[in-house]
Amino acid sequence: MTRRSLPLALGLLLGLAGNAGAQSLAAGISQNVAGLGNMPLQAADLPPATLRNGQDIFASFREGLAEPNCNAGATSPRWQKHFAHAPARLANQDDDALVLFGYVVEELRKANLPTEFALIPFVESGYRPGARSAAGPTGLWQFIATTARNHNVPMTAGYDGRLSAVDSTQAAVRYLKTLHGMFGGDWRLATMAYNAGEYRVLQSLRKAGMNASNARTAELQGLSPITHDYVEKLHALACVLEDAEVQPQVMASLDRNVPVLRSHTLPAGTSVTQWAAQRDLDPARLARLNPAASSSARPQSAPVRLLAPTTVASAPAAAAATAVASVAPAAAPAVARGTPTVARAVAAAADRPRTRRHTVRDGESAWTIARRYGMPVKALLSLNGLTGQSVLRPGATLRLDD
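Residues numbered from 1 in each chain as written. Predicted model: local features only at pLDDT ≥ 70, side-chain atom pairs only at ≥ 80, totals over all residues. Heavy atoms only, no water.

Peer 1: So what about the overall build of the protein? Which residues, and what values?
Peer 2: In terms of helices and strands, the protein carries 20 helices and 8 strands. Expressed as a percentage of its 402 residues, the buried residues of the protein come to 49%. Excluding contacts between residues fewer than 6 apart, the proportion of contacts in the protein whose partners are at least 24 apart in sequence is 71%. As displayed, the protein offers around 19000 Å² of accessible surface, 53% of which is attributable to carbon and sulfur atoms. (Helix = DSSP H or I, 4+ residues; strand = E, 2+ residues; numbered from the N terminus. Buried < 20%, exposed > 50% of the residue type's maximum accessible area, 1.4 Å probe, protein only. Contact = heavy atoms within 4.5 Å. Areas by Shrake-Rupley, 256 points an atom, 1.4 Å probe, with all protein chains shown as cover.)

Below, the structure written as structure tokens:
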């Protein structure tokens with residue numbers, strides 16, 4: 001119910017109310033309408049979203065890039081061709097790439113890191129949590145065992161945390177946060193260090209007489225061609241995804257709701273299949289997303305982390321419905337319409353700010369809401385004191401105009 005429709009609805013309710021209850025009813029109306037106007041906008045006060053639009057994932061990635069524009073002259077045609085399939089992977093509804101990409105982008109943005117780093121799993125594993133290399137690297141981020149242990153990825157008999165999208169992503173974000181700070185916020189140097197090790201990159205910088213503030217990464221000596229190619233691959237991928245913005249078919253395919261993935265606890269002695277059945281989730285998909293937890297060799301004596309859709313209900317939306325319902329008492333004596341008390345109550349309810357508002361529903365995003373009302377996304381965010389990093393929660397009330 002919008003605020004513009006409240007006076008009519010309240011009038012009908014008050015027309016049925018008794019004179020004896022008019023005063024208390026008027027007070028109840030004012031309290032409930034005020035409560036509806038103050039629905040929380042802070043993410044901490046709202047339930048987690050369960051769905052996210054694919055175009056919003058893409059937009060969040062683009063907004064978080066350290067280098068938002070592709071430098072075509074500095075991009076390898078070879079690597080652009082090699083990764084030309086990436087947009088199709090994201091657009092494919094039967095592929096897990098988009099939901100995993102959305103999870104990684106969100107984790108990087110929460111850590112205030114450039115979203116170029118979200119392209120690393122494309123290069124390393126093709127965004128496949130169960131990827132294994134004959135040389136030893138494993139999982140979404142292709143950690144070797146030593147690196148994994150150094151960054152607190154659980155590695156025990158029967159359980160390889162590198163195959164956990166949660167454990168490996170959290171470790172990768174922590175590691176990239178360290179590297180990003182170590183190299184003065186230069187994502188290219190941090191990426192080279194992720195591939196070759198920070199000490200090799202530091203040594204190369206010293207030999208070249210450079211530091212993080214004046215480094216020319218293409219001129220660094222003593223590093224493997226694979227390390228230099230690593231940066232080229234990420235930049236080429238960013239360019240490929242930038243080009244996808246002008247491909248209507250790809251963007252139309254991204255315009256769909258996908259589950260928001262969160263870290264959950266899989267209790268000791270519980271299988272992924274059992275956990276999925278309890279929540280009416282697809283066990284095959286959960287197994288693909290969580291090869292570590294799905295392993296038959298996993299020890300059953302301890303809980304592990306699971307990456308899965310959230311199924312939390314929308315408490316603020318339910319509260320709003322309760323507030324509207326509570327306006328009308330169960331029983332009240334009749335009273336003639338137009339009673340001054342009733343008129344004052346309706347006027348008080350109507351005398352609120354009459355800006356248009358929208359209550360966020362499950363699966364909606366800033367992009368879809370702005371498109372619905374024909375306004376720029378930036379204008380919607382600005383009106384509500386939000387940023388491109390904000391995640392809208394079901395039940396939040398957004399202003400649509402001043």
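From this point, the narrative continues.
Peer 1: Please give an account of unusual backbone geometry that cites residues and values.
Peer 2: Leave glycine aside and you will find that most residues have negative phi; peptide bonds, for their part, are mostly trans. Despite not being glycine, Y127 shows a phi value in the positive range, around 55°. On the secondary structure map, Y127 appears in the loop between α7 (120-125) and α8 (145-150). For D280, which is not glycine, the phi dihedral falls at a positive 55°. Tracing the backbone shows D280 in the loop between α14 (272-278) and α15 (283-289). A relative accessible area of 73% places D280 in the exposed class.

Peer 1: Residue-level account of the pattern of salt bridges, with values.
Peer 2: Summed over all chains, the structure comprises 13 salt bridges. Across the pair K110 and E107 runs a salt bridge whose closest N-O atoms are separated by 3.0 Å. Placement of the pair is K110 and E107 together in helix α6 (residues 97-110), with a separation of 3 residues, close to one helical turn. Connected via shared salt-bridge partners are R52, E106 and R262. (Salt bridge = Lys/Arg side-chain N within 4 Å of Asp/Glu carboxyl O.)

Peer 1: Summarise the state of the cysteines; cite the residues concerned and give the values.
Peer 2: Scanning the entire structure with this criterion turns up 1 disulfide. Put simply, C70 and C239 are joined by a disulfide, and their sulfur atoms are 2.0 Å apart. Disulfide C70 to C239: torsion about the S-S bond roughly 95°, handedness right-handed. Of this pair, C70 sits in the loop between α3 (54-63) and α4 (77-82) while C239 sits in helix α12 (residues 225-244); the two residues are 169 residues apart in sequence, bridging distant segments of the chain. (Disulfide = S-S within 2.5 Å.)

Peer 1: Give me helix α9 (residues 165-182): which residues, what numbers.
Peer 2: Helix length check: α9, at 18 residues, gives a terminal C-alpha distance of 25 Å against a target of 26 Å (1.5 Å per residue), a fit within 8%. Directly beyond the C-terminal end of α9, a positive phi value near 60° is found at G184. (Expected span 1.5 Å × (residues − 1).)

Peer 1: Give a description of the environment of Q247 that names residues and reports values.
Peer 2: Structurally, the position occupied by Q247 is in the loop between α12 and α13 (248-254). For the pair formed by Q247 and P87, sequence separation is 160 residues and the distance between their alpha carbons is 9.6 Å.

Peer 1: Would you mind going over the nonpolar core in detail, with residue names and values included?
Peer 2: Ranked by size, the top nonpolar core spans 67 residues in total, and within it F101, L119, Y127, W141 and Y194 carry the most contacts. In terms of residue count, α6 provides more of this core than any other element does, 9 residues in total. Judged by nonpolar contacts, the second largest core, of 13 residues, contains L266, L286, L306 and A308. (Core = buried A, V, L, I, M, F, W, Y, C linked by side-chain atoms within 4.5 Å.)

Peer 1: How would you sum up the confidence of the model for the protein? Please name residues and give values.
Peer 2: Model confidence for the protein is summarised by a mean pLDDT of 81, while 76% of its residues fall at 70 or above. Here residues 312-339 is a poorly scored stretch, pLDDT under 50, and it has 46 contacts once near neighbours within four places are set aside; other chains count. Overall, residues 345-353 carries pLDDT values under 50, and its contacts beyond four positions in sequence, including any with other chains, amount to 15 contacts. (pLDDT = per-residue confidence, 0-100.)

Peer 1: So what about the packing of aromatic side chains? Which residues, and what values?
Peer 2: Evaluation of the coordinates by the stated rule reveals 8 aromatic pairs. The interplanar angle of 40° and the centroid separation of 5.8 Å between the aromatic rings of Y175 and Y194 together place this pair among those described as tilted. One end of the pair, Y175, is in helix α9; the other, Y194, is in helix α10 (residues 187-196), with 19 residues separating them in the sequence. Y194 matches Y175 in its accessibility class, with the two residues each being buried. (Phe/Tyr/Trp six-rings, centres within 6.5 Å; stacked < 30°, edge-to-face > 60°.)

Peer 1: Please provide a residue-by-residue account of the packing of α10 against helix α11 (residues 198-208), values included.
Peer 2: Relative orientation of the contacting elements α10 and α11 amounts to 125°, with a least axis distance of 7 Å. In terms of orientation, α10 lies oblique with respect to α11. Packed against α10, whose contacting residues are L189, M192, A193 and A196, the element α11 presents E198, R200, V201 and L205 at the interface. A per-class count over the contact of α10 with α11 returns 6 nonpolar, no polar and 2 charged. (Axes fitted to C-alpha atoms, helices over the stretch in contact; angles between N-to-C directions. Parallel < 35°, antiparallel > 145°, perpendicular 65-115°, else oblique. Nonpolar A, V, L, I, M, F, W, Y, C, P; charged D, E, K, R; others polar.)

Peer 1: Let's hear about helix α19 (residues 366-373): which residues, and what values?
Peer 2: For α19, the set of buried residues is A366, T368, I369 and A370. Summarising the contacts, the buried residues of α19 are in contact with β1 (51-53), α3, β7 (357-359), α20 (377-383) and β8 (397-399). Where α19 terminates, the next one or two residues include G374, which has phi positive at roughly 65°.

Peer 1: Break down the side chain of T191 for me, with residues and values.
Peer 2: Within the secondary structure, T191 sits in helix α10. Given a relative accessible area of 0%, T191 falls into the buried group. If near-sequence neighbours (up to four positions away) are discounted, T191 is found in contact with F117, Y230, V231 and L234.

Peer 1: Pulling in residues and values, what's your account of the environment of P154?
Peer 2: Considering the arrangement of structural elements, one finds P154 in the loop between α8 and β2 (155-156). Here P154 falls in the partly exposed class, since its relative accessible area comes to 32%. When the C-alpha atoms of P154 and S168 are compared, they prove to be 9.1 Å apart, with 14 residues separating the residues in sequence. Sequence-distant contacts of P154, that is, excluding residues within four places in its chain, are made with Y159, D160, G161 and D167.

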